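One letter stands for each residue in the lines below.
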Amino acid sequence: MSEEKLSFQAEVSRLLDIVANSLYSNREIFLRELISNASDACDRLRYAAITQPGLTAEDADFVITLSLDKKAGSLCVADNGIGMNRDDLVENLGTIARSGTAAFAEALEQKNDQISLIGQFGVGFYSAFMVADQVEVLSRRAGEPQGWRWTSDGKGEFTVTAAEDAPPRGTQVRLHLRKDSRDFLDGARLREIVKTYSDHIAIPIMLAADGKANGEAERLNSAAAIWTRPKSEITDEQYKEFYHHVGHGFDDPWLRLHFKAEGVIEYTGLLFVPSVKPFDLFDPARKHRVKLYVKRVFITDDCEDLLPPYLRFLRGVIDTEDLPLNISREMLQHNPMIAKIRKAVIKRVLGELKKKAEKAPDDYASFWDTFGAVLKEGLYEDSDQREALLKLARFHSTSGDGLVGLADYLGRMKEGQEAIFYITGDELDSLAKSPQLEGFAAKGVEVLLLTDPVDEFWLPAVGAFEGKPFKSVTRGGAELGKIKAAEDEQTPATDSEDQETAAGLDALLAFVKLTLKDEVKDVRSSERLTESAVCLVADEGDLDIHLERLLQQHRQLDVTAHRILEVNPKHALIRRLAERVGETGAGEELEAAAHLLLDQARILEGVPLPDPSGFARRLSDLVAKGLGA
Ligand SMILES: Nc1ncnc2c1ncn2[C@@H]1O[C@H](COP(=O)(O)OP(=O)(O)O)[C@@H](O)[C@H]1O
Ligand SMILES: [Mg+2]
């Protein structure tokens with residue numbers, strides 16, 4: 001049959017270029033990757049065979065076989081798993097569609113330390129080209145008669161041909177080793193690599209007898225599912241390698257949970273919290289990646305009900321004794337047994353996080369930086385766990401660089417303070433400089449600085465913590481009057497001076513409001529400003545400023561129309577303007593000033609100016625006047 005020549009997807013070519021040219025010291029990981037794929041292929045067939053027993057009839061015992069051909073300089077990794085047909089080969093070995101490799105490609109866009117990235121992520125199947133200048137894959141999909149041969153030298157193209165004789169079910173990956181990689185033609189070396197990286201694989205990995213007729217194949221791994229073994233017999237390294245295999249992540253896990261539940265329902269779990277953000281953490285599907293096994297048989301990595309989306313950073317397996325082996329994926333939906341496991345696992349994971357938060361706060365802070373935004377989704381999605389999650393939550397605040405918990409915050413509240421104050425925005429630095437915080441800073445009141453989009457959703461749902469409501473400093477009254485300052489250092493003005501300013505201020509506010517008309521909802525004197533002249537706030541019942549801006553990015557609404565312009569009565573500019581209100585001939589100048597005040601507040605808020613040229617003109621006029629032009 002004729003040969004088909006196809007090009008790799010552009011990203012694959014780029015990746016292969018890096019892989020082939022890297023003098024990567026850990027070249028041996030190619031074997032881990034190929035064995036990992038072989039094991040996945042067996043798991044998938046084992047599951048398929050539950051409903052279609054015919055698929056494994058010819059050969060029911062799964063095995064992964066390594067064989068060496070020293071003369072030809074080749075190494076073959078073979079499995080009798082699910083196999084691939086022509087389309088599978090083109091799709092799976094010609095593009096980057098898959099988990100581990102996609103993470104690598106993503107990271108490549110951002111960093112240039114490419115070599116260390118290979119170690120961090122692994123490049124899956126393509127790592128074969130670290131050691132081989134020619135790779136040949138012969139595969140036959142279970143249940144199909146036709147086999148297929150895929151070959152490539154890893155330089156931009158690959159070929160696919162129909163195989164002449166039907167090969168055995170499954171996949172053989174034959175590597176023609178590069179001159180500098182012939183050291184892998186050594187049985188002892190392979191034995192060592194398998195022990196190091198692949199001992200946890202639950203399928204026997206055999207080393208075929210080297211050229212000897214009737215020679216006994218040698219088993220290289222213990223081939224027991226790692227989660228079924230006693231903890232005391234598993235080394236950290238073995239756990240880590242299992243995590244790499246099951247989680248397609250190549251970092252060191254931040255946390256490991258290995259547990260066995262006995263009683264009403266029986267299940268074992270081996271779960272990991274990664275230390276590095278998976279590349280698809282914020283994928284809209286929000287799927288978790290924990291694999292479900294029943295009595296050691298892989299069932300699915302897509303059992304939605306097994307874990308809530310807010311724990312989707314977890315990797316690992318749950319293996320239960322209490323479901324039938326022939327369970328279909330449909331039967332898994334709304335399954336009461338799964339619901340029970342889910343509940344118990346959530347409790348266990350949150351309990352473990354709590355321990356970490358208490359015992360190792362710094363370490364916990366690094367977890368929170370990585371996954372806090374995801375965990376916070378649980379605050380509005382899982383009301384059962386809301387209290388537990390609120391205790392786990394950490395925030396940046398005006399009280400320092402570190403993260404604070406809500407209990408710390410409550411402990412630092414000022415006399416007369418009734419609420420937990422917060423401000424939301426896109427970026428920590430600019431948020432910390434918000435004018436709305438000035439009055440709070442002056443009174444020593446701590447404000448939480450929230451920068452995750454999810455904050456806009458859980459805050460309204462949660463409402464309060466231990467009886468104290470959450471309150472945005474950019475909305476409603478500041479309530480600062482009721483809070484006692486650390487030391488009251490305001491110098492009281494004389495009565496008549498006060499009254500005079502108050503009258504002038506009222507007139508100014510009325511004038512500004514009249515001038516700005518529909519551009520603002522109201523103009524008010526502010527309690528929350530001490531240094532800035534103006535700021536924008538939202539009315540009590542209106543959407544918070546930041547949320548509205550988020551929404552506005554999708555629908556075009558005019559933000560400032562709903563805003564209240566707050567004016568600092570103590571600011572020199574405002575005082576001077578208040579004095580001018582009564583003076584004859586000041587009208588034009590005051591009108592310009594009113595517009596400038598609003599534009600200034602918009603700039604501080606990061607809102608685009610609706611009329612930038614008007615702003616520039618007014619500002620130039622004013623400065624020119626000031627300079628005596
Ligand atoms: N031995 C194999 N048997 C069946 N399919 C395989 C085998 N090796 C690789 N594949 C397919 O190729 C895909 C890509 O493999 P790989 O690059 O290792 O990425 P990953 O394992 O992270 O999905 C796999 O997801 C699988 O569909
Ligand atoms: Mg793989």
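A short tour of the structure in this document, coming up. As the structure is a prediction and not an experimental result, all values here were calculated from the model.

## Let's talk about the nonpolar core
Link 1 in the chain: Ranked by internal contacts, the top residues of the largest apolar core, which has 73 residues, are Leu 311, Phe 313, Leu 353, Phe 367 and Leu 375.
Link 2 in the chain: Setting aside chain neighbours within four positions, we find Phe 313 in contact with Phe 272, Val 273, Pro 274, Leu 281, Phe 367, Phe 371, Val 374 and Leu 375.
Link 3 in the chain: One finds Ile 29, Ile 35, Leu 66 and Val 137 within the second-largest nonpolar core, a separate group that totals 57 residues.

## Considerations on the packing of aromatic side chains
Link 1 in the chain: Across all of its chains, the model carries 23 aromatic pairs by this definition.
Link 2 in the chain: Look at Phe 125 and Trp 150: their rings are 5.4 Å apart centre to centre, the planes differ by 80°, and that puts the pair in the edge-to-face class. Of this pair, Phe 125 sits in the loop between helix H5 (114-121) and strand E4 (132-140) while Trp 150 sits in strand E5 (residues 147-152); the two residues are 25 residues apart in sequence, bridging distant segments of the chain.
Link 3 in the chain: Every member of this aromatic cluster is reached through a ring pair, and the members are Trp 227, Phe 242, Tyr 243, Phe 272, Tyr 293 and Phe 298.
Link 4 in the chain: Sitting over the ring of Trp 254, Lys 356 keeps its end group 5.0 Å from the ring centre.

## Side note on the sheet that holds strand E6 (residues 157-162)
Link 1 in the chain: Read from one edge to the other, the open sheet built from nine strands follows the order E1-E6-E5-E4-E7-E3-E2-E8-E9, with strand pairing classed as mixed. Each edge of the open sheet is held by one strand with a lone partner, namely strand E1 (4-7) and strand E9 (218-219).
Link 2 in the chain: With two bridges joining them, strand E8 (residues 205-207) and E9 adopt antiparallel strand pairing. In the strand pairing of E9, Met 206 is matched with Arg 219.
Link 3 in the chain: Against the sheet, helix H2 (residues 29-51) contacts strand E2 (64-69), strand E3 (74-79), strand E7 (170-177) and E8, and its axis sits at roughly 25° relative to E3.

## Regarding the pattern of salt bridges
Link 1 in the chain: This model, assessed by the stated rule, comprises 42 salt bridges.
Link 2 in the chain: Across the pair Arg 189 and Glu 28 runs a salt bridge whose closest N-O atoms are separated by 3.1 Å. Note that Arg 189 is positioned in helix H6 (residues 187-197) and Glu 28 in the loop between helix H1 (10-21) and H2, a separation of 161 residues in sequence.
Link 3 in the chain: With a relative accessible area of 18%, Glu 28 lands in the buried category.
Link 4 in the chain: Between Asp 539 and Lys 521 there is a salt bridge, with its nearest N and O atoms 3.4 Å apart. Highlighted residues: Asp 539 in the loop between strand E22 (534-538) and helix H17 (545-552) and Lys 521 in the loop between helix H16 (495-516) and strand E21 (522-525), separated in sequence by 18 residues.
Link 5 in the chain: By relative accessible area, which is 21% here, Asp 539 ends up partly exposed.
Link 6 in the chain: By relative accessible area, Lys 521 is classed as partly exposed at 39%.

## What to know about empty space enclosed by the protein
Link 1 in the chain: By the definition in use, this model includes two cavities of 30 Å³ or more.
Link 2 in the chain: As a volume, the second largest cavity reaches approximately 30 Å³.
Link 3 in the chain: If you go around the second largest cavity, the residues you meet are Gly 416, Glu 418, Phe 421, Glu 479, Lys 482 and Ile 483.
Link 4 in the chain: Residue composition of the lining of the second largest cavity, by class: two nonpolar, one polar and three charged.

## Comments concerning the environment of Arg 563
Link 1 in the chain: Residue placement: Arg 563 occurs in strand E23 (residues 563-567).
Link 2 in the chain: Residue contacts for Arg 563: discarding those within four places in its chain leaves Val 520, Lys 521, Asp 522, Leu 536, Val 537, Ala 538, Leu 543, Asp 544, Ile 545 and Glu 548.

## Description of helix H9 (residues 361-375)
Link 1 in the chain: Between its first and last C-alpha atoms H9 spans 17 Å; for 15 residues at 1.5 Å apiece the expected length is 21 Å, and the helix comes up short by more than 12%.
Link 2 in the chain: Of all the bends found along H9, the most pronounced is centred on Asp 369 and spans about 55°.
Link 3 in the chain: All of the buried residues along H9 are Tyr 364, Phe 367, Trp 368, Thr 370, Phe 371, Gly 372, Ala 373, Val 374 and Leu 375.
Link 4 in the chain: Considering only its buried residues, H9 is in contact with strand E11 (267-273), helix H8 (336-359), helix H10 (377-381), helix H11 (386-392) and strand E16 (400-404).

Thresholds, definitions, all that
- Residues numbered from 1 in each chain as written.
- Chains lettered and ligands numbered in written order.
- Predicted model: local features only at pLDDT ≥ 70, side-chain atom pairs only at ≥ 80, totals over all residues.
- Heavy atoms only, no water.
- Core = buried A, V, L, I, M, F, W, Y, C linked by side-chain atoms within 4.5 Å.
- Buried < 20%, exposed > 50% of the residue type's maximum accessible area, 1.4 Å probe, protein only.
- Contact = heavy atoms within 4.5 Å.
- Phe/Tyr/Trp six-rings, centres within 6.5 Å; stacked < 30°, edge-to-face > 60°.
- Helix = DSSP H or I, 4+ residues; strand = E, 2+ residues; numbered from the N terminus.
- Lys NZ or Arg CZ within 6 Å of the ring centre and 35° of its normal.
- Pairing = 2+ DSSP bridges.
- Axes fitted to C-alpha atoms, helices over the stretch in contact; angles between N-to-C directions.
- Salt bridge = Lys/Arg side-chain N within 4 Å of Asp/Glu carboxyl O.
- 1 Å grid on protein atoms, 1.4 Å probe; cavity = no way out; pocket = protein on both sides within 12 Å on 5 of 7 lines; lining within 4 Å.
- Points joined across faces, edges and corners; volume = space filled by probe spheres on them.
- Nonpolar A, V, L, I, M, F, W, Y, C, P; charged D, E, K, R; others polar.
- Expected span 1.5 Å × (residues − 1).
- Bend = angle between axes of the 7 residues up to and from the residue.

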